[in-house]
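# Per-entry structural report
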Amino acid sequence: MTGAAHDDFGFDHVPETDQSFENALAKARAGERLTVDDGVELITTGTDREGIDAARKELVLEAADRRRAEMVGDDVTFVANLNNNVTTACNTGCLFCNFKNTAHLFESDSDADHGGFTKTPAESRDIVADAVEMGIYEVTSVSGLHPALVLDEEHREILESSDNPAAEVNYKPPEAYDTDPASYAEQLSAMSVDGAHVHSMTPEEASHAKRGTDWTYEEVYRRLADAGLDSAPGTAAEILVPEVREVICPGKIGTDEWVAGMEGAMKAGLDVTATIMYGHVETEKHRVLHLDVIRDLQDRYGGITEFVPLSFIHQNTPLYDRGLVTGGASDDEDELLVAVSRLYLDNVEHIQSSWVKFGNAKALKLLNCGADDLMGTILSEEITKRAGGGFGEFRSFDDYVDMITAIGRRPVERSTDYRTRRPIDPDDGPHGPMLGPRADGTPLLDGRRDPATADD
Ligand SMILES: C[S@@+](CC[C@H](N)C(=O)[O-])C[C@H]1O[C@@H](n2cnc3c(N)ncnc32)[C@H](O)[C@@H]1O
Ligand SMILES: Nc1c(NC[C@H](O)[C@H](O)[C@H](O)CO)[nH]c(=O)[nH]c1=O
Ligand SMILES: N[C@@H](Cc1ccc(O)cc1)C(=O)O
Ligand code: SF4
């Protein structure tokens, strides 16, 4: 359990099972498909005891580490990428998020100093072009749901012909704002510099790109793919159980809609990732129910390239300010979440360990608890930083090689879809990217270290 008094929320889903820890562990070791009850036993280290049992935890971590080695071997992958968030303007009001700024503050007649930003497509293109020149393979772009953002001009016409667009569909024309973000199509096309892989449009953003129309998610993602989208991030997942979403993100799309969005992306031929954002008000049962939604989706479509555990960063968030939580997940909880993700998601190959959320030391530890991927260089970070995280905004290739070889594993540069992989010889430095459209092995950051990372 995390820093929340679960009783306060009156949740229906509590960690009680008809299974024993020993049975669940035996099934996990044998590679049998786990039930929700099995998952709950493993993630709690047994519902027959209060708190986490240290010896049992080690057994779960060991089983997950072994499963990781069998499924994907000992390589640790990472991608040369850039985060380019287009705008922080958002009215959705998620209580775990401090990335957003209320959209009316961006209007031309507001003189409030909101501290956020909106980029034009030309600005996005320049930022991405610089990073592509440095050698990145992928640009990841996730943003607030700016009321002026539309899928394309046809979408804008539909929204502008609505009688009361602001109230009905969260649309305001670009003229109302200081900066015009243009359309998703224009932003995606601007970021497709020299064929860089564009990883963007979460199901929440796709829902925004579809508002006020009768388009299906598949059609929305097809249009976005035509504009330059290559794969979609499965964020906005948070915890895919309605009673948790009601507390932490009542303004967001529901569980079924999130699944429909992901299905639409996969039907449109795109790869997707899947995430969990945990360590706030949810119980261990909710975590496992979430894994069950992801495993079921992957059984049906098979397009999920990786699962990304995002540990809640609490410091500057409404959930913490309002006393709904007193902190985030403990180290034990992070380790067990990663391990049980590996054991439960028998159909997802890659589990990501995020240095942004965990810091270097814990991110490396998690590579021995079931994870096999260490994310990307990202070069810029806003979501965690604004929430109060302190693990910096980038990692260089030399950082990656040092970290991964320090735990006795082999560093491998990957493409977003993991199909292209380049093992790196640690002795042949300095190291730089080779897979991006303009990459030639020159160090991305010529030996720079992120000041925020010192010795975490
Ligand atoms: C900030 S949103 C941007 C994209 C889009 N607005 C959406 O909600 O999908 C992307 C994701 O960041 C994650 N996130 C936001 N605040 C966080 C926090 N305080 N700690 C950990 N993850 C967070 C959530 O999982 C969220 O879905
Ligand atoms: N886990 C975090 C990520 N993960 C996404 C990766 O950087 C990459 O885009 C993906 O693996 C597809 O190749 N990104 C963040 O900015 N912060 C994280 O915590
Ligand atoms: N946006 C997420 C990270 C993320 C991005 C892309 C992904 O495919 C997965 C996760 C965060 O920083 O919290
Ligand atoms: S998580 Fe996304 S949708 Fe929710 S408030 Fe933050 S930016 Fe907006």
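Keep in mind it's a predicted model, so treat the numbers as computed, not measured.

## Re the overall build of the protein
Assigned secondary structure in the protein consists of 17 helices and eleven strands. Here the protein has a C-alpha radius of gyration of 21 Å; the compact-globule value for 456 residues is 23 Å, and the two agree. For the protein, buried positions account for 62% of its 456 residues. Of the contacts formed within the protein by residues at least 6 apart in sequence, a portion of 74% connects residues at least 24 apart. Put simply, the protein shows about 17000 Å² of open surface, and 45% of that area lies on carbon and sulfur atoms.

## Brief notes about the site of ligand 3
In the vicinity of ligand 3, the residues found are T140, V142, H199, P233, T235, T273, T275, L310, K357 and I383. A distance of 2.6 Å separates an oxygen atom of ligand 3 from a polar side-chain atom of H199. Between ligand 3 and T273, the relevant distance is 2.7 Å, taken from an oxygen atom to a side-chain nitrogen or oxygen of the residue. For ligand 3, whose unbound accessible area comes to 350 Å², protein coverage reaches 82%. Here the shell around ligand 3 is built from residues that sort into four nonpolar, five polar and one charged.

## Thoughts on the domain arrangement of the protein
Taken domain by domain, the protein comprises domain 1 (21-70) and domain 2 (74-423). Centre-to-centre separation of domain 1 and domain 2, based on C-alpha positions: 29 Å. Facing 21 residues of domain 1, the contacting portion of domain 2 comprises 29 residues. Each partner contributes to the roughly 2200 Å² buried at the junction of domain 1 and domain 2, and carbon and sulfur atoms together form 67% of this total. Between domain 1 and domain 2 we count five salt bridges in total. K57 is the salt-bridge partner of E335, the closest N and O atoms lying 2.7 Å from each other. Where domain 1 touches domain 2, the interface holds seven residue pairs in polar contact (both at pLDDT 80 or more). If you list the elements that add at least two residues to the side of domain 1 that touches domain 2, you get α2 (36-44) and α3 (54-72).

## So, the UniProt feature "domain: Radical SAM core" (unreviewed entry) in the protein
Here, UniProt's "domain: Radical SAM core" (unreviewed entry) annotation points to residues 76-349. The straight-line gap between the two end C-alpha atoms of residues 76-349 is 13 Å; of that span, 39% is helix and 12% is strand.

## Describing helix α12 (residues 284-301)
Note that an α-helix has 3.6 residues per turn; residues three or four places apart therefore point the same way. Across its 18 residues, α12 extends 26 Å between first and last C-alpha, which sits within 8% of the 26 Å expected from 1.5 Å per residue. In terms of burial, α12 is a largely internal element, 13 of the 18 residues being buried.

## Let's talk about the side chain of T416
Inspection of the secondary structure puts T416 in the loop between β10 (410-414) and β11 (421-423). With sequence-adjacent residues up to four places away left out, T416 is seen in contact with V79, Y137, E138, H197, H199, S231 and T305.

## Describing unusual backbone geometry
Of the consecutive residues G429 and P430, the connecting peptide bond is found in the cis state with omega at -10°. Position of P430 among the secondary structure elements: in the segment after β11. With a phi angle near 55°, N170 is a residue other than glycine that sits in the positive phi range. Turning to its location among the elements, N170 is positioned in the loop between α6 (165-169) and α7 (184-191). Overall, the relative accessible area of 25% leaves N170 in the partly exposed class. Despite not being glycine, A236 has its phi angle at roughly 70°, a positive value. Tracing the backbone shows A236 in the loop between β5 (231-232) and α10 (242-248).

## Some words on helix α14 (residues 331-344)
Given a rise of 1.5 Å per residue, 14 residues ought to cover 20 Å, and the 20 Å separating the end C-alpha atoms of α14 matches this to within 8%. Summarising burial for α14: twelve of the 14 residues are buried, a large majority. Listing the buried residues of α14 in full gives E333, D334, E335, L336, L337, V338, A339, V340, S341, R342, L343 and Y344.

## Regarding the sheet that holds strand β9 (residues 373-376)
Read from one edge to the other, the open sheet built from four strands follows the order β9-β1-β10-β11, with strand pairing classed as mixed. Looking along the sheet, the strands with just one partner apiece sit at the ends: β9 and β11. In this sheet, adjacent strand axes meet at a mean angle of 25° when their direction is disregarded. When strand β1 (residues 75-79) meets β10, the two strands line up parallel, connected through four bridges. What sits directly across from F78, in β10, is E413.

## Regarding the nonpolar core
In terms of nonpolar packing, the biggest core is built from 120 residues, with L42, F96, Y221, L224, W258, F307 and L374 touching the most fellow members. In terms of residues, this core owes the most to one element, α14, which gives seven residues. Summarising the domain contributions, this core has at least three residues from each of domain 1 (21-70) and domain 2 (74-423). Contacts of F307, omitting those with residues within four sequence positions, involve A274, T275, I276, H290, L291, I294, S341, L345, V348, H350, I351 and Q352.

## Re the side chain of N84
Assignment of secondary structure puts N84 in the loop between β2 (81-83) and α4 (121-134). Note on N84: relative accessible area 0%, which makes it buried. Excluding residues that lie within four positions of it along the chain, N84 makes contacts with K119, S124, I127, V128, V139, T140, S141, V142 and M191.

## Some remarks on the pairing of strand β6 (residues 271-278)
The buried fraction of β6 amounts to eight of the eight residues, a majority that puts the element mostly inside the structure. Here β6 shows no split at all, with D271, T273, T275 and M277 on one side and V272, A274, I276 and Y278 on the other all buried. Direction of pairing for β5 relative to β6: parallel, over a ladder of two bridges. Within the sheet, the bridge partner assigned to S231 lies in β6 and is D271.

Calculation criteria
- Residues numbered from 1 in each chain as written.
- Chains lettered and ligands numbered in written order.
- Predicted model: local features only at pLDDT ≥ 70, side-chain atom pairs only at ≥ 80, totals over all residues.
- Heavy atoms only, no water.
- Helix = DSSP H or I, 4+ residues; strand = E, 2+ residues; numbered from the N terminus.
- Rg over C-alpha atoms; globule rule 2.2 N^0.38 Å.
- Buried < 20%, exposed > 50% of the residue type's maximum accessible area, 1.4 Å probe, protein only.
- Contact = heavy atoms within 4.5 Å.
- Areas by Shrake-Rupley, 256 points an atom, 1.4 Å probe, with all protein chains shown as cover.
- Near = heavy atom within 4 Å.
- Polar contact = N/O pair within 3.5 Å; in protein donor to acceptor, adjacent residues only side chain to side chain.
- Nonpolar A, V, L, I, M, F, W, Y, C, P; charged D, E, K, R; others polar.
- Domains from an automatic or database assignment.
- Buried area = accessible area lost by both parts, 1.4 Å probe.
- Salt bridge = Lys/Arg side-chain N within 4 Å of Asp/Glu carboxyl O.
- UniProt positions renumbered as here; feature names shortened; annotations may be inferred.
- Expected span 1.5 Å × (residues − 1).
- Pairing = 2+ DSSP bridges.
- Axes fitted to C-alpha atoms, helices over the stretch in contact; angles between N-to-C directions.
- Core = buried A, V, L, I, M, F, W, Y, C linked by side-chain atoms within 4.5 Å.

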